[in-house]
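Observations on the model geometry
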Amino acid sequence: MIPTTFGAPGIFPGPVLLIVLLLAGLLASSGARADDPDAAFASGVAALSADNFADKQAAVTAITDTRHKNARAVLATLLDGKLHFRNTDNRVFITDGGETTLALTDPLTLQSAGNAPAEEFTRVTTNNSLRKTLRSAVASFALAEPDASVRLAAVKEMSRSLDEEGVALLRAALEKESDAAVKQAMSEGIAMVDLASDDADTRLAALEALKRSLSLELASRLKDMTTPAEDGSYAEPDERVREAAREVARSIESSRRVYSTIETLFFGLSLGSVLVLCAIGLAITFGVMGVINMAHGELMMLGAYTTYVVQLAMPNHIGLSLFVAIPLAFLVSGAVGMLIERGVVRFLYGRPLETLLATFGVSLILQQIVRDVFTANNRPVETPSWMSGSLLYNEALSFTYNRLYVILFMMVVFAILLAVLQKTSLGLKVRAVAQNRNMARAMGVRTQWVDAMTFGLGSGIAGVAGVALSQLTNVGPNLGQQYIIDSFMVVVFGGVGNLWGTLIGGMSLGVANKILEPWAGAVLAKILVLVALILFIQRRPRGLFPQKGRAAEN
Amino acid sequence: MKFTRRLAVLGAAMAMTLGATAQAADTIKVGVLHSLSGTMAISETTLKDTVLMLIDEQNKKGGLLGKKLEAVVVDPASNWPLFAEKAEQLLVKDKVAVVFGCWTSVSRKSVLPVFEKNNGLLFYPVQYEGEESSKNVFYTGAAPNQQAIPAVDYLAKDLGVKRWVLAGTDYVYPRTTNKILEAYLKSKGVADSDIMINYTPFGHSDWQSIVSDIKKFGSAGKKTAVVSTINGDANVPFYKELGNQKISAEDIPVVAFSVGEEELAGIDTKPLVGHLAAWNYFMSEKSPANSEWIKKWHAFTKNPKRTFNDPMEAHVIGFQMWVKAVEKAKTTDVAKVTDAMIGLEAPNLTGGVAKMLPNHHLTKPVLIGEVRADGQFDTVWKTAGLVPGDAWSDFLPGSKDIEADWVTLKCGNYNTKTKTCSGQNYK
């Protein structure tokens, strides 16, 4: 293709023209193309108003192939869902604006074309495969961006679905590339295509480039190459290549196995953290005071609803609302807890069965109150943006932010609680009353007041756990019931009256659950853990870390 | 003075009670059996409101057979045995003429013996697994051949899906649907190793490892899709986890059979854009009948943001048909109404006409939609015409030879090979 075949080159500024020419020349080998890029671009854009996705797909490919200076803008706009066409003449515009009027931009000139009522226009819709093509096409325009991380993202995007033209673009860009990471990504992308080459040496070189890959797609392709067919022949004819392929496959498999173990451990720890958060308040009311509080789950539910109410009050500061909700939830649940203690539990000390029944009744009352106030439907609690998504370590390993924060949050809560019990005068009194009530009273400790405060502390922690739960599960009146059994399980397993036991117990139950889940399924894994726990309690009725000394004897 | 006033109050009270009894005799009672609390409340509460709107609408038109309609609403609380108790209460104590209710198949299976014993009439508005046709039930939702099979066809043909994850909640609907889908996929030559099946309990919230497994299963180079029969509020954390683990619909699309506009209304839909749902109705479909009903719904709920969805459309169609059948039979007697129902027609809100077939199922269009950022669906595929509902799947070995026909065969479970009617079996 020679420059003279371009019509009206005068409208192009010099350097842009040069790039367009270069890129167009680069792609010229791929077949017939329109002589006039402007005309080709215009007809491609016009074809976007088609009513079926196959035609739109063809139009997108045509637009990409023109490498027109406006192509990237048009395709990116289409990806954002901001491309509309006029109902009367099917003319396509880049649009911006609200529900009633649209600000129009002409895609051919990128000049404003005035405003128009929205009802005269129809949005150019996309579907999944079209969006995939679009993303890859938009990425192909970003290969020359100055920012290396943008280039890297573009290469990764293109590598998801590489066609001949994409490979040609990558090869050309690779020569000019200076950044090592981008180079690596480019050569890996090209190597995936080269793996299907007819030349054995090219395939060998491709495998060399893919040595450090973690791709499962590559692993399954390598498996196909090296597995003999029924007649003993291989899809890969060259023995050298087969050997190299086996080598790469082994390395993928072994690193994948390591990462997958780390991942399972992480899942287990995060589930464990949720369990510990739920159980830790109970470890105080049940473990230290010996009160079986069946309303513990409902106190968590109150914490979750507090989060919801706080979010309602400050809808524009979702991230901040969580930090406001934590102390508020502590106060709300703590106050309700103290009310339960003063109103019900204190009359029933030393009568566990009655306490159990009475607090169960309280739990039903609390559920019904919430149903009456907030309706029985789940309430939507928003997740702040910094808690969505995941921390990407590499292709095989990533950590979701919400779970990372839960682990962190649990550790902070645990540390604070431990400090309160060990370092403050309230903690001293709590421990004294737990060890020997009469002696503590003789020493001048107001045991009734300490009981109320302890119960309030445990309940408040339940409320704080509720804030965390609101980010992980549905906030509804039944929230508490889902976690009450698990909480008791953790406390009993860890050893009654031992905070560290609760921590270790919760974490091990979480990890055990997650190790079992992949091969037993979610339902069976839970059952297995429960059965194992029953057997364990049979052997060691006082849990993992039983209390020793005189306190253990009552 | 004081005494007379007290007497007057008493008299007024008596008059009111009398009035109430008199009124009760002049009304036709309509039972509403939907969970208003528990894990299914997310889906079922609007169905209750829909029936109330339909009754209100009919009463404004002058009622039925010269009587007013009266709703009897009960809350079975997503508790399956309670469904049977509440159904018994509606049929025996309240003596309702018809019941609109149930969502999950396990609740329908739970009330089925009650309806057959007391000769009640149930309109069931949700897509389900088929393998059933009761004389006392009209299935206004989709059978598997009106939702699951076309959805899988779309994924295989239009998206080129080669690997399949069948994920569902652990109860009868997902298990039966997945059994049908598995048989169907295998009949199309899909290998065992390319199908992954996973079940989770109701209300499941810790999806990390399952979603991670799906991601690994789907990144082996073959186009993979998830067919989700996950029901109730477990969907919210499921889709959140998909978003968090960055599984995009372009790589691994999830096609859901139980997630519609109402379920999406409660969550942030931006990470879900492009995921799919298969239904027989979408609120975003443009048709005069659709916008008319949406307008009525917004006026009734006094909330212009309330969503309309597929099971609601099924209730609209079912209710209109029941009204027509009662008018035709000139009585609410169940046997006469059931006979009058067959062959009745009501317009689908997305175009075409729903017709009640002799097997108690409807003809329906099938639509596949992609989730938009605003929680609505863009229809990306649609059947050319209407698909008649098939009660007994052609892809399961046991049910291939079974026919349901309440007109000529008078049987919901007729074996065409042995020529016997084995009646309903409650499994």
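Residues numbered from 1 in each chain as written. Chains lettered and ligands numbered in written order. Predicted model: local features only at pLDDT ≥ 70, side-chain atom pairs only at ≥ 80, totals over all residues. Heavy atoms only, no water.

1. Concerning the confidence of the model for chain A
Residues and elements named next belong to chain A. In this model, chain A carries an average pLDDT of 85, and 92% of its residues clear a pLDDT of 70 or more. When mean pLDDT is taken per element in chain A, helix H12 (residues 296-313) scores highest with 95 and helix H1 (residues 14-27) scores lowest with 46. Low pLDDT (under 50) marks residues 1-34, which in the prediction has 31 contacts with non-local residues, meaning those over four places away or in another chain. (pLDDT = per-residue confidence, 0-100. Helix = DSSP H or I, 4+ residues; strand = E, 2+ residues; numbered from the N terminus. Contact = heavy atoms within 4.5 Å.)

2. A few points about helix H20 (residues 499-539) of chain A
Residues and elements named next belong to chain A. With 41 residues, H20 should cover 60 Å at 1.5 Å per step; its first-to-last C-alpha distance of 21 Å lies more than 12% under that length. Of all the bends in H20, the greatest measures close to 125° and is centred on alanine 520. Its side-chain oxygen at 3.0 Å from the backbone nitrogen of tryptophan 500, asparagine 498 defines the N-terminal cap of H20. (Expected span 1.5 Å × (residues − 1). Bend = angle between axes of the 7 residues up to and from the residue. Polar contact = N/O pair within 3.5 Å; in protein donor to acceptor, adjacent residues only side chain to side chain.)

3. Points about the confidence of the model for chain B
Confidence in the prediction of chain B, expressed as mean pLDDT, is 88, and 93% of residues score 70 or more. Every residue in residues 10-24 of chain B scores below 50 in pLDDT, and together they form zero contacts with partners more than four places removed in sequence or on other chains.

4. Quick notes on the interface of chain A and chain B
Listed per partner, the contact involves 47 residues of chain A and 48 residues of chain B. Contact between chain A and chain B buries roughly 3,400 Å² in total, counting both sides, with carbon and sulfur atoms accounting for 40%. Of all residues in chain A, the largest losses of buried area upon contact with chain B belong to Asn128(A), Phe267(A) and Asn474(A), amounting jointly to 15% of the total for that side. Taken together, the links from chain A to chain B amount to eight salt bridges. Note that Arg403(A) and Asp206(B) form a salt bridge whose closest N and O atoms lie 3.7 Å from each other. The interface formed by chain A and chain B holds 20 residue pairs in polar contact (both at pLDDT 80 or more) in total. Put simply, the parts of the chain that give the side of chain A that touches chain B at least two residues each are helix H5 (128-140), helix H10 (216-226), helix H11 (239-288), strand S7 (397-400), helix H15 (401-423), helix H18 (447-472), helix H19 (479-494) and H20 of chain A. (Buried area = accessible area lost by both parts, 1.4 Å probe. Salt bridge = Lys/Arg side-chain N within 4 Å of Asp/Glu carboxyl O.)

5. Some words on the domain arrangement of chain A
You can read the domains of chain A as domain 1 (36-129), domain 2 (143-237) and domain 3 (259-539). The centre of domain 2 of chain A, based on its C-alpha atoms, is set 49 Å off from the matching centre of domain 3 of chain A. (Domains from an automatic or database assignment.)

6. Notes on the nonpolar core
Formed by 115 residues in total, the largest nonpolar core has its most connected members in Leu155(B), Phe308(B) and Trp322(B). By residue number, the principal contributor to this core is helix H11 (residues 310-329) of chain B, which donates nine residues. Setting aside residues up to four positions removed in sequence, Phe308(B) forms contacts with Met53(B), Glu261(B), Tyr281(B), Met283(B), Trp293(B), Ile294(B), Trp297(B), Glu313(B), Val316(B) and Leu349(B). Ranked by size, the runner-up nonpolar core spans 69 residues in total, among them Ile340(A), Val450(A), Phe455(A) and Leu472(A). (Core = buried A, V, L, I, M, F, W, Y, C linked by side-chain atoms within 4.5 Å. Buried < 20%, exposed > 50% of the residue type's maximum accessible area, 1.4 Å probe, protein only.)

7. Topic: unusual backbone geometry
For Leu110(A), which is not glycine, the phi dihedral falls at a positive 60°. Residue placement: Leu110(A) occurs in the loop between strand S3 (101-105) and strand S4 (112-117). Positive phi outside glycine occurs at Ala77(B), with the angle close to 55°. Relative to the elements of secondary structure, Ala77(B) occurs in the loop between strand S2 (68-74) and helix H3 (80-93). Residue Ala77(B) is classed as partly exposed on the basis of its relative accessible area, which comes to 28%.

8. Describing the pairing of strand S3 (residues 98-101) of chain B
Looking down a regular strand, the side chains alternate between one sheet face and the other. Residue and element names in this part refer to chain B. The side-chain alternation of S3 yields two buried faces, one formed by Val98 and Phe100 and the other by Val99 and Gly101. Bridge count between strand S1 (residues 27-33) and S3: four bridges; the pairing is parallel. If you follow valine 32 over to S3, its bridge partner there is phenylalanine 100. Direction of pairing for S3 relative to strand S4 (residues 122-124): parallel, over a ladder of two bridges. Bridge pairing links valine 99 to leucine 122 in S4. Between S3 and its parallel partner S4, the chain crosses via helix H4 (residues 105-117), and the hand of that crossover is right-handed. (Pairing = 2+ DSSP bridges. Right-handed = clockwise from strand over helix to strand, strands pointing away.)

9. Overview of the sheet that holds strand S17 (residues 402-405) of chain B
Residue and element names in this part refer to chain B. Spatially, S17-S18-S19 is the arrangement adopted by the three strands of the open sheet, whose pairing is antiparallel. At either margin of the open sheet sits one strand with a lone partner, and together these are S17 and strand S19 (420-421). In this sheet, S19 lies alongside strand S18 (residues 411-415) in antiparallel orientation, the contact comprising two bridges. Counted as the bridge partner of tyrosine 414 is cysteine 421 from S19.

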